[in-house]
Amino acid sequence: MKIYRAPAVVASACAVLIGLSACSVDTPGTPSSTAPSSGSGPSLPESCSAEKPVVGVALPNTVNPYYISMQQSFVDNGAAQGFDVKMAIANDDDSAQLGQVQSFIQQKVCAVVLNGVNSGPAAASVAALNQAGIPVFTVNQIVDPDSLKAQNADFLQFVGANQTAGGTAMGELAIKDLGTDTPLVVGLVGAPDQIAANQRDDGFVTALKPAKSVEVLPTVNSKVDPAVALQVTSELLQSNPAINVIFAATGPSAVGAIQAINQTGRADKVKLYAFCAAETKLDDFYVGCAAQEPAVYADTALKNLKSYLAGEKVEHEVLLAPKVFTSGQTPAPGELG
């Protein structure tokens, strides 16, 4: 059937806090000719021959539980792989992150693992590392392919979740729960400026096609922040009394959406599907979530970096399937959206 999907809008928020961007992946672009090539005989910085090569790790923040889990994994697994890991936390500031990457370059680190604050601006960090001849792996947040192409830059490998698959799993669960005969009025609590969140939305909406009637309302922007998500979801519910399905594209968005559904008294009328709120039990209205595993992504990136430094070829993209949870289950620590 044909799904009517309205264009995305950015909903107002009276107190927009700093966004906790915990969204990841898109299909990377073709490796550029200026990027270090994967395979045998790479040209590596001299520091890579040290007994404990220094690896710089750039993360957006350590407020979001997602990045707390990822940071600890980098520290623990970096030591296990024989690396000296240096952390840089950007506090969700693109310019600050670029400055931190430039500091890694000045320190002549062996390699950098980058989780960009935002998809587009992160391309500048990749380009700077390419120009310095420092291998760069990306994790969780995809760097925008068009921005990379414009700067003739690329990374060696991306490691993260298969975002579209996570959204698709949630849409399929909604069809299973509600049936194909139920008219669906769908609210999307997303992050339109994040590639990964848009992939999740697209997977969810596409999976609703078996339903006979689907109306998808304009996406509201949660800024990947629970406080903002609470406000914009509340506004969405109050202005659209027919909504019976909400998809929250990130863990912090899910936290705010849960609060909004409860506060507006709509728990008996709305089903919430999401990328998982951290350590939150699913119940009668919060009925499905897909979980990423940031600690696993960090571990995988470090293992593959070590293989690359040993002269082995690495894949340009490693996508891992999100876990799926349903009513009555609780994601474990480190399993979140």
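Before reading further, recall that the structure is shown in the block above.
Residues numbered from 1 in each chain as written. Predicted model: local features only at pLDDT ≥ 70, side-chain atom pairs only at ≥ 80, totals over all residues. Heavy atoms only, no water.

### Some points on the pattern of salt bridges
Scanning the model with the defined rule gives six salt bridges in all. Note that Asp268 is salt-bridged to Lys269, the shortest N-O span being 3.7 Å. Residues Asp268 and Lys269 agree in their burial class; the two are exposed. By sharing partners, the salt bridges in this structure join Glu293, Lys323 and Glu335 into a single network. (Salt bridge = Lys/Arg side-chain N within 4 Å of Asp/Glu carboxyl O. Buried < 20%, exposed > 50% of the residue type's maximum accessible area, 1.4 Å probe, protein only.)

### Side note on unusual backbone geometry
Here the phi dihedral of Asn152 falls at roughly 50 degrees; this positive angle occurs in a residue that is not glycine. Using a relative accessible area of 37% as the deciding quantity, one classes Asn152 as partly exposed. Despite not being glycine, Val224 shows a phi value in the positive range, around 55 degrees.

### Here's the deal with the state of the cysteines
Counting across every chain of the model gives two disulfides. Residue pairing for Cys276: its cysteine sulfur links by disulfide to Cys289, the two sulfurs lying 2.0 Å apart. Measuring the twist about the S-S bond at about 85 degrees, one finds the Cys276-Cys289 disulfide to be right-handed. Of this pair, Cys276 sits in the loop between β11 (271-275) and β12 (286-291) while Cys289 sits in strand β12, placing them 13 residues apart in sequence. Taking relative accessible area as the criterion, Cys276 reaches 1% and is therefore assigned buried. The cystine pairing of the protein, numbering bonded cysteines in sequence order, is 1-2, 3-4. (Disulfide = S-S within 2.5 Å. Helix = DSSP H or I, 4+ residues; strand = E, 2+ residues; numbered from the N terminus.)

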